[in-house]
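Report on the structure
As a plain string of letters, each chain reads:
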Amino acid sequence: MLSHLVSDITPGLRITKTIAFPNLTADQVQQAISEDIPLTENLCRCLGTSDPAAIPGLCLCCDQLSDPQTPCDVSSHVLRELGHWWQRRVAGAGPDSRMTDVVYKMLVARFCGPATTVSVPCTCPPRVSVKTLGQAVWWTGECYTAVITLFPEQVQLLNKASPRVFVAGPPGTGKTVVLLLMAIEWLRCGHHVYVISTWWGSRAACSMLYHLLLQTVKKQLAPEVLASQLHLLHVNLNGEEKVEKAVNDLSQAASGGSLYVLIDEIGHEDKAFMEATKMKHIQTFCEKLLAQVPRLHLWAASCYHKNCPPGWRVEYLTRPLRSPPAVVREIKKDTVITKGVSIKKYSERGVPDHTDGPPVTRVSHRGQGHSGHRPGDCVTCGREVASFLHSLRVGVTEINELTTVNTVTSTTCGTPPCLQWRDVLVLNWGYFMFSGMVTGLQEAGIPVRVMEDDDIEDVATARSDVVWVADGELVRGLERKVVVCLQYDYRSLYGDVTRSEASRLLAPVRSDSFHSISRCTSQLVIVE
């Protein structure tokens, strides 16, 4: 057992067995075994001796220990007897070349330090041992993404399975989850499913949805469900002619007069923005597609309920599902949420949260060493963010030596894995510049990349183990355990103007803060 437990540290380490009898003297041990020949033979084999008379001297008896009533009172006699036993049993074999000071400290930490755990059989899964902030951040993120339970309204929506549904609600309320589960049911029934991105702000979300479905097909669904049933399309709706082309192409793909379509992050709330980017054609696209394919099954989702095509059924999801309360409280501060005009306000969860989540960490872009109006341009801000990420031990590979298997429930438990660089996003809202931030992160040894158009699929699938930095508007629908949000100073762009005036001037290129903050499933960092 001990050889196995230390094999990852130093294979072949010498191990000496002994037996402790803290309530018996050596004479009493000798008397107990003297007339039992089979027991004596077994003890000789166990303790590695051929002389039965040596057995009591190889055991640790009360002769070498202080009085149990006063254990701290170590007399010179006890100290001398313990020294003789130690020399005889432990040090007598000579030094072990594999044992070094470093190995000794690691062994002490493993068996005697705070990392020690005890596996207790129980009828329910044991609690996870979380001992560092980094582990807490990792586990919180898992609770709000990998281990979620749907609310009744979501289950009811899926059970109804209406052919055309527009799902709306504030960020992190399970809109994409509902689309994902509905698509799985379509695939299970043998249908071809088309995941469609209708504008540049939805590419990342639709790519993530497509790859999640692809994973489900390969790992969970029946063998007869083929990956070829799943399709990812990026359509261009910039103009009436392109709307007609997209409608015609999809109509031809309809099988037996039926078509199954998912559209995530379907649009934007700003009417001026919609006009400037021709996103008004999305509603026309949906209406014409339904006219050509009467048995159209189309489920779409957006934060903004005003994007729904006229006459379509709207289902609102307003209970936070993806983020802990500490993050949700920050999202609620955004004026778009507080007004509740284009985005519904959050409702109460009605059930306890797993945890309040790690407190929001704030980095102040001011003071000595800081430069520029925007945190993204500031090397010092980059260094401070890097310091915090290192304090979470992001990217540090540790031996997960505490994981145990519960013998009753056959469930694996223990300390959670460490955070990885792919668990971190650095996002800007407003004016996106990252030169100083990237430099500060790189100087601290953090693998960092600025997202380009060609990187969207990589970011959506978290394929590369790097910290991605991006405009928050481009990563709608994605989620990460750690999100660093950089604020901007609108006065640096237009001088000393009011916030409302700056908002008008920045439209349509501005990005609301909640799009960045709501990507976070655990640890939120705001550089303000």
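Placed above this text is the structure.
Note that the structure is a prediction, hence the values are computed from the model and not measured.

In spatial order, the strands read β5-β4-β6-β7-β3-β8; together these six strands make up an open sheet with parallel pairing. The open sheet has two edge strands with one neighbour each: β5 (230-234) and β8 (313-316). Sheet twist, expressed as the average angle between the axes of neighbouring strands with direction ignored, equals 20°. With three bridges joining them, strand β4 (residues 193-197) and strand β6 (residues 258-263) adopt parallel strand pairing. Paired with Tyr 194 across the bridge in β6 is Val 261. Against the sheet, helix α9 (residues 175-188) engages β3 (164-168), β4, β5, β6 and β7 (295-302), with an angle of about 155° to β7.

A probe matching the size of a water molecule, rolled over the atoms, marks out where space remains unfilled. When its volume is computed, the largest pocket comes out at roughly 1200 Å³. For the lining of the largest pocket, the secondary-structure elements that each account for two or more residues are α7 (133-143), α9, α10 (203-219), α18 (456-461) and β15 (480-486). By residue number, the principal contributor to the lining of the largest pocket is α9, which donates six residues. Of the residues belonging to the lining of the largest pocket, the class tally is 17 nonpolar, 15 polar and eleven charged.

The next thing to look at is a nonpolar patch on the surface. A cluster of nonpolar side chains, contributed by Met 1, Leu 2, Leu 5, Ile 15 and Phe 111, occupies part of the molecular surface with about 470 Å² of accessible area. As for its position among the elements, Ile 15 is in the loop between α1 (2-6) and β1 (20-21).

Judged by pairing direction, the sheet is parallel, and its six strands sit side by side in the order β9-β16-β15-β12-β14-β13 without closing on themselves. The outermost strands of the open sheet, each flanked by one partner alone, are β9 (361-363) and β13 (448-450). Recorded for the sheet is a direction-independent mean angle of 25° between the axes of neighbouring strands. Pairing between strand β12 (residues 424-428) and β15: five bridges, direction parallel. By the bridge assignment for β15, Asn 428 is matched with Leu 486. Seen against the sheet, helix α16 (residues 379-391) touches β9, β12, β15 and β16 (520-527) and runs at an angle of roughly 150° to β16.

For the rest of this paragraph, the subject is the side chain of His 211. Counting through the fold element by element, His 211 comes out in helix α10. By relative accessible area, which is 18% here, His 211 ends up buried.

This brings us to the pattern of salt bridges. Under the definition given, this model contains 19 salt bridges. Glu 265 is the partner of Arg 476 in a salt bridge, and the nearest nitrogen-oxygen pair spans 3.8 Å. Taken together, the residues Arg 476 in the loop between β14 (467-471) and β15 and Glu 265 in the loop between β6 and α12 (271-276) connect sequence positions 211 residues apart. Classification of Arg 476 by relative accessible area gives buried; the value is 1%. We note a salt bridge from Glu 473 to Arg 476, for which the minimum N-O separation is 2.8 Å. The burial state of Glu 473 is the same as that of Arg 476; both residues are buried.

With eight of eight residues buried, β16 lies mostly within the body of the structure. Note: β9 against β16, three bridges, orientation parallel. Residue Thr 361 lies in a different strand from β16, and its bridge partner there is Val 525. As defined by bridge partners, β15 adjoins β16 across six bridges and the pair is classed as parallel. Following the sheet pairing, Val 482 is matched in β16 by Gln 523.

Rules behind the numbers
Residues numbered from 1 in each chain as written. Predicted model: local features only at pLDDT ≥ 70, side-chain atom pairs only at ≥ 80, totals over all residues. Heavy atoms only, no water. Pairing = 2+ DSSP bridges. Helix = DSSP H or I, 4+ residues; strand = E, 2+ residues; numbered from the N terminus. Axes fitted to C-alpha atoms, helices over the stretch in contact; angles between N-to-C directions. Contact = heavy atoms within 4.5 Å. 1 Å grid on protein atoms, 1.4 Å probe; cavity = no way out; pocket = protein on both sides within 12 Å on 5 of 7 lines; lining within 4 Å. Points joined across faces, edges and corners; volume = space filled by probe spheres on them. Nonpolar A, V, L, I, M, F, W, Y, C, P; charged D, E, K, R; others polar. Patch = residues over 30% accessible without salt bridge, like charges linked within 9 Å, V, L, I, M, F, W, Y side chains within 5 Å. Areas by Shrake-Rupley, 256 points an atom, 1.4 Å probe, with all protein chains shown as cover. Salt bridge = Lys/Arg side-chain N within 4 Å of Asp/Glu carboxyl O. Buried < 20%, exposed > 50% of the residue type's maximum accessible area, 1.4 Å probe, protein only.

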